[in-house]
Structures are given as C-alpha cells and as structure tokens.
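Fold and contact review
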Amino acid sequence: MAPAAGNGPTVVMVCDQESVHIRRWSSALAERGWRVVPIDLARRRRPVWRVAGGLLRALWRLRRLSGRPGTVVAVHYVRGGIVGAGLRGVHPLVASVWGRDITAERRGLAGRFYERQLNALLRGAEAVTATSHFLADVARIRFGVEATVIPFGIDTSRFTPSE
C-alpha cells in the first residue's frame, strides 16, 4: 500500500502490509483524513540478509518519523525481538497483539531474548490493544500490561450476542 496523503494526523503502520485487516484499517484511517505511512515487516520468502537489511532500513525510517507532532506509531503482531529492540524509545506507540506473537512459548537463548524485547516493547507502549479478551488476559498475566480489546473481523455494532 502506498502512503496515503491526508491533512490530519499521521499513523505509521509497522506490520505486514498485505494483511486484509491492515489494508482495511489503513483505508479507513485515510478516508478520515489521516496520513498513513506503511512500514512492511513481512518476510515473504526473502533471504535472511535481505530481511535484515530491510528491517534495519525500516527501523531507521521509523526513528525519523516518531516523535513528530501529530504522529503515532502502531505496531501490529510483533515479529521478532529485534523489532522490540528497535522500537524502544519510539513514542507515542500503540502495540497490538494478535495471537502467537504473545502466546507462543519460545525456548533457548533466542527465545529469552525475544521475550525480554517483547516485554520491554509492551511495557513501553502508551497503549496496548488485543484482538480478543483471551489475548488481553495473556498480556496482563504474562507481561503485566493492560490491553484494550479491539476485535476485528466482526462489526460489533451490527452483530452482538443474543440472549
């Protein structure tokens, strides 16, 4: 998705830009006058050295954009510990957890590094969102952070549980 020009505030979307949810959120924000700046973190069968180079360029670009008046950084589905390390000090930051990014048990040295980075990222964010009450509970119990539930895939104004 190309950056959408708007006269309102700016949101830097750090995530897999091919996600249908991200495309819909980006479009909805752009329609409301937001400037959407995509930073793609998808791996899409690229060699490791290209992924690492792209990630370093993305983090450099992100650091340049963060802290500007009217700009918020939104990271969706944290992909790895280096992302957490690179996002430290980026503000304002909204971290959205989607599932395996916080529920998967990681082992070994790399797993411990990832867990520390994820913990620092979630605790350092101005807001944490989760796609379900289950994930909000995991964020609270495992990482000690409160998450606001924002379900996607369901229009809760149209579909609600019946008696």
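Look up: the structure comes first, before these words.
Criteria and cut-off values
Residues numbered from 1 in each chain as written. Predicted model: local features only at pLDDT ≥ 70, side-chain atom pairs only at ≥ 80, totals over all residues. Heavy atoms only, no water. Helix = DSSP H or I, 4+ residues; strand = E, 2+ residues; numbered from the N terminus. Buried < 20%, exposed > 50% of the residue type's maximum accessible area, 1.4 Å probe, protein only. Contact = heavy atoms within 4.5 Å. Salt bridge = Lys/Arg side-chain N within 4 Å of Asp/Glu carboxyl O. Pairing = 2+ DSSP bridges. Axes fitted to C-alpha atoms, helices over the stretch in contact; angles between N-to-C directions. Expected span 1.5 Å × (residues − 1).

So, about the overall build of the protein. When helices and strands are tallied, the protein shows 6 helices and 6 strands. Going residue by residue from the N terminus, the α and β elements of the protein occur as β-α-β-α-β-α-β-α-α-β-α-β. With 163 residues in all, the protein has 39% of them scored as buried. When contacts within the protein are restricted to residue pairs at least 6 apart in sequence, long-range pairs at least 24 apart make up 63% of them.

Moving on, we get to the side chain of T131. Inspection of the secondary structure assignment puts T131 in the loop between β5 (127-130) and α6 (133-143). Not counting the four nearest positions on each side in its chain, T131 is found in contact with V97, W98, V149, I150, P151 and F152.

Time to look at the pattern of salt bridges. Taken as a whole and judged by the stated rule, the model has 4 salt bridges. The shortest N-O distance in the salt bridge between R142 and E105 comes to 4.0 Å. Taken together, the positions of R142 in helix α6 and E105 in the loop between α4 (100-103) and α5 (108-124) put the pair 37 residues apart, joining distant regions of the chain. In this structure, E115 engages R106 in a salt bridge whose closest nitrogen and oxygen atoms are separated by 3.9 Å. Using a relative accessible area of 27% as the deciding quantity, one classes R106 as partly exposed. Each member of the salt-bridge network shares a partner with another, and the members are E105, R106, E115 and R142.

What follows is about the sheet that holds strand β4 (residues 93-97). One key point about sheets: their strands pair by backbone hydrogen bonds, in either a parallel or an antiparallel sense. Read from one edge of the open sheet, 6 strands run β2-β1-β3-β4-β5-β6, paired in parallel fashion. Only two strands of the sheet have a single neighbouring strand rather than two, namely β2 (35-40) and β6 (148-149). In this structure, strand β1 (residues 10-15) lies alongside β2, joined through 6 bridges in parallel fashion. Looking at the pairing, C15 lines up with D40 of β2. In the packing of helix α1 (residues 20-31) onto the sheet, contacts are made with β1, β2 and β3 (71-76), and the angle to β1 comes to roughly 175°.

The element β4 is extensively covered by neighbouring structure, given that 4 of its 5 residues are classed as buried. Bridging between β3 and β4 involves 4 bridges; their strand directions are parallel. By the bridge assignment, H76 is partnered in β4 with S96. Bridge analysis of β4 against β5 gives 4 bridges, and the strand direction is parallel.

An ideal rise of 1.5 Å per residue puts 24 Å on 17 residues; α5 measures up with 24 Å between its terminal C-alpha atoms. All buried positions along α5 are accounted for by G111, Y114, E115, Q117, L118, L121 and L122.

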